[in-house]
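Chain residues, written in single-letter form:
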Amino acid sequence: MDRIDVKILRTLMADAKIPNAQLAEKVGLSASPCWQRVRRMEKEGIIKGYSVQLDQAKLGASEIALVEVTLDRHEDDVLEAFGKAVSKIPEILEVYLTTGEYDYLLKVAVAGTSGYEEFLRTKLYRVPGIRHSRSSFTLKCLKHAQAYVPDA
């Protein structure tokens, strides 16, 4: 990757719907070479896809809870079963296997504390293998980025 690829990626991160002609102009290329670079990065898997950013509050689940989860056991089958189970729960936006005190960090969208209580009772605590969980509610998101693009 060179500096033009980096410019393309950063521009697409800011506006994935930008027309190719405008993208080319912003990065200092003509349309055809710009389009070819984007297609190459898609084929190489650098660009994995395009998505829409939604307003979580307008969808009725404005609070984000961060949930630390510790499992009973750490055998491969337990880890795999946990991963499959939490990936099916729509309120869980992100799941990270972590090092340190707990095994997983979950990012969960809920409708307030009552919505969180319902989520715990009807969904998370029904996942087998959880020994302990600890939760924190976020107060404000100060930065949100989809990815980090290092300089070329």
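Residues numbered from 1 in each chain as written. Predicted model: local features only at pLDDT ≥ 70, side-chain atom pairs only at ≥ 80, totals over all residues. Heavy atoms only, no water.

Asks: What exactly am I supposed to notice about helix 2 (residues 20-27) here?
Replies: For an α-helix, the turn length of 3.6 residues means that residues three or four places apart are oriented alike. Inspection of helix 2 places Leu 23, Ala 24 and Val 27 among the buried residues, and these make up the whole buried set. Here the buried residues of helix 2 occupy an arc of 100° about the axis, which is enough to place them on one side. Seen from the buried face of helix 2, the exposed residues on the opposite side, beyond 90 degrees, are Ala 21, Glu 25 and Lys 26. Looking at the buried side of helix 2, the elements it contacts are helix 1 (3-14) and helix 3 (31-43). Taken from the residues just after helix 2, Gly 28 is the one with a positive phi, measuring 80°. (Buried < 20%, exposed > 50% of the residue type's maximum accessible area, 1.4 Å probe, protein only. Helix = DSSP H or I, 4+ residues; strand = E, 2+ residues; numbered from the N terminus. Arc of directions from axis to C-beta. Contact = heavy atoms within 4.5 Å.)

Asks: Honestly, the packing of helix 1 against helix 2 in this entry has me stumped. Any pointers?
Replies: Each packed pair of helices is defined by two parameters, the angle between the axes and the distance between the axes. Packing of helix 1 against helix 2 brings their axes to within 10 Å, and their N-to-C directions diverge by 130°. With respect to their mutual orientation, helix 1 and helix 2 come out oblique. Judged by the sense of rotation from one axis to the other, the crossing of helix 1 with helix 2 is right-handed. Of helix 2, the residues touching helix 1 (which contributes Ile 4, Lys 7, Ile 8, Thr 11 and Leu 12) are Leu 23, Lys 26 and Val 27. (Axes fitted to C-alpha atoms, helices over the stretch in contact; angles between N-to-C directions. Parallel < 35°, antiparallel > 145°, perpendicular 65-115°, else oblique. Left-handed = near helix turned anticlockwise from the far one by under 90°.)

Asks: Got a minute to help me understand helix 5 (residues 112-122) in this structure?
Replies: Regarding helix 5, the residues found buried are Gly 112, Gly 115, Tyr 116, Phe 119 and Leu 120. Taken around the axis of helix 5, the buried residues stretch over an arc of 135°, which confines them to a single face. Facing away from the buried surface of helix 5 by more than 90 degrees, the exposed residues are Thr 113 and Ser 114. On the buried face of helix 5, the contacting elements are strand 1 (63-71), strand 2 (92-97), strand 3 (104-110) and strand 4 (130-137).

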